[in-house]
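# Fold and contact review
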Amino acid sequence: MIKENENQVLIISGESGAGKTESTKLVMQYLAAVNKSGNNLITEQILEANPLLESFGNAKTIRNDNSSRFGKYIELFFKNGAIVGAKTAEYLLEKSRIVTQAPEERNYHVFYEMLEELSDEQKAKYGLQTAPKYFYLNQGGSALIRGRDDADNYRKLTAAMDILNFERQEQETIVKILASVLHIGNMYFKVIQVRRILCY
Ligand SMILES: Nc1ncnc2c1ncn2[C@@H]1O[C@H](COP(=O)(O)OP(=O)(O)OP(=O)(O)O)[C@@H](O)[C@H]1O
Ligand SMILES: [Mg+2]
């Protein structure tokens, strides 16, 4: 790319579990390592977008404990061999997973990560309990993934949000939205018969 001064495209494809996400991380780390830019913040921000996208867009499926439920198109911009910016577009996110999960599967990681890491005090503030208490999190019957530390991943997520300049208030709003999704999932409706009494 640098020699020919031409744009390059790298397509990483394959079935679920083939290693696309892991390969992408390696490619990004390589490009960050050979980057001639003195601006470490930009490369750090580009790399830190990954934990954010994975928490909100990856979930356990029967094929892959960390399956990306969306497609990703990343553009990296170079100037004289140095990374000067990046743009990530994601598409076809599996929205139905929010409300339904197949046996042995999970909802998006972020819900479990948040419930593992928030303190009792913070959870009380948002009326939150543990993952098995929520219909949107317990349908698959596998709230825990062996070898995956949800609490640690939540700490990585908040660190990524800090690096990507999410304000504290914005981060709190995100927690509120996640909590409200869980509360909505635990609302039940019952059909009751109403007998109308007409008075004349
Ligand atoms: N280069 C690698 N080194 C070590 N382990 C790997 C590597 N690539 C993949 N794996 C293993 O395979 C698992 C699945 O890989 P990955 O999540 O990258 O698949 P994927 O192609 O992105 O799948 P999906 O389409 O479901 O998102 C990883 O969690 C890891 O355990
Ligand atoms: Mg993937």
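As a starting point, this report considers the structure included with it. Quick caveat, the model's predicted, so the values are computed rather than measured.

Below, the discussion takes up the overall build of the chain. The helix and strand inventory of the chain stands at 7 helices and 4 strands. For the chain, the C-alpha radius of gyration of 21 Å lies well beyond 16 Å, the compact-globule estimate for 200 residues. Dimensions along the principal axes, computed over C-alpha positions, put the chain at roughly 90 × 45 × 35 Å. Across the 200 residues of the chain, 32% fall into the buried class. When contacts within the chain are restricted to residue pairs at least 6 apart in sequence, long-range pairs at least 24 apart make up 63% of them. Here the chain has roughly 13600 Å² of accessible surface; of this, 53% comes from carbon and sulfur atoms. In the chain, 25 positive and 25 negative side-chain charges are present, and the distance between their average locations comes to 6 Å.

Relative to the assigned elements, Ser68 resides in strand 2 (residues 67-68). Taking the C-alpha atoms as reference points, Ser68 and Ser16, separated by 52 residues in sequence, lie 8.4 Å from one another. Ignoring sequence-local partners within four residues, the contact set of Ser68 consists of Thr21, Gly57 and Asn58. Side-chain polar atoms of Ser68 contact the side chain of Thr21, separated by 2.8 Å.

Another aspect to go through is the pattern of salt bridges. One pass over the structure, following the stated rule, counts 14 salt bridges. Among the salt bridges present, the one from Glu113 reaches Arg148, with a minimum N-O distance of 3.0 Å. With Glu113 in helix 3 (residues 109-117) and Arg148 in the loop between helix 5 (135-138) and helix 6 (150-163), the pair connects residues that are 35 residues apart, well separated along the chain. Among the residues examined, Arg148 registers a relative accessible area of 22% and is labelled partly exposed. Across the salt bridge formed by Arg155 and Asp152, the nearest N and O atoms sit 3.5 Å from each other. Taken together, the residues span about one helical turn, with Arg155 and Asp152 both in helix 6 at a distance of 3 residues.

For the rest of this paragraph, the subject is helix 1 (residues 20-34). Over its 15 residues, helix 1 extends 21 Å from the first C-alpha to the last, a length consistent with the 21 Å expected when each residue adds 1.5 Å. All of the buried residues along helix 1 are Thr21, Thr24 and Met28. Viewed along the axis of helix 1, the buried residues span an arc of 60°, placing them on a single side of the element. Residues of helix 1 that are exposed and point over 90 degrees away from its buried face: Leu26, Tyr30 and Ala33. Structurally, helix 1 contributes buried residues whose contacts are with helix 2 (40-57), strand 2 and strand 3 (71-79).

The environment of ligand 1 is formed by Glu15, Ser16, Gly17, Ala18, Gly19, Lys20, Thr21, Glu22, Asn64, Asn66, Ser67 and Ser68. In this structure, an oxygen atom belonging to ligand 1 sits 2.8 Å away from a main-chain N or O atom of Gly17. Residue Asn64 places a side-chain N or O atom 3.0 Å away from an oxygen atom belonging to ligand 1. Calculation on ligand 1 without its partners gives an accessible area of 630 Å², and the protein chains cover 62% of this total. Breaking the shell around ligand 1 down by element, the ones donating at least two residues are helix 1 and strand 2. Broken down by element, the shell around ligand 1 gets its largest block of residues, 3 residues, from helix 1. Here the residues of the shell around ligand 1 are counted per class, giving 1 nonpolar, 8 polar and 3 charged.

Parameters and conventions
Residues numbered from 1 in each chain as written. Chains lettered and ligands numbered in written order. Predicted model: local features only at pLDDT ≥ 70, side-chain atom pairs only at ≥ 80, totals over all residues. Heavy atoms only, no water. Helix = DSSP H or I, 4+ residues; strand = E, 2+ residues; numbered from the N terminus. Rg over C-alpha atoms; globule rule 2.2 N^0.38 Å. Buried < 20%, exposed > 50% of the residue type's maximum accessible area, 1.4 Å probe, protein only. Contact = heavy atoms within 4.5 Å. Areas by Shrake-Rupley, 256 points an atom, 1.4 Å probe, with all protein chains shown as cover. Lys, Arg positive; Asp, Glu negative; His and termini not counted. Charge placed at Lys NZ, Arg CZ, Asp CG, Glu CD. Polar contact = N/O pair within 3.5 Å; in protein donor to acceptor, adjacent residues only side chain to side chain. Salt bridge = Lys/Arg side-chain N within 4 Å of Asp/Glu carboxyl O. Expected span 1.5 Å × (residues − 1). Arc of directions from axis to C-beta. Near = heavy atom within 4 Å. Nonpolar A, V, L, I, M, F, W, Y, C, P; charged D, E, K, R; others polar.

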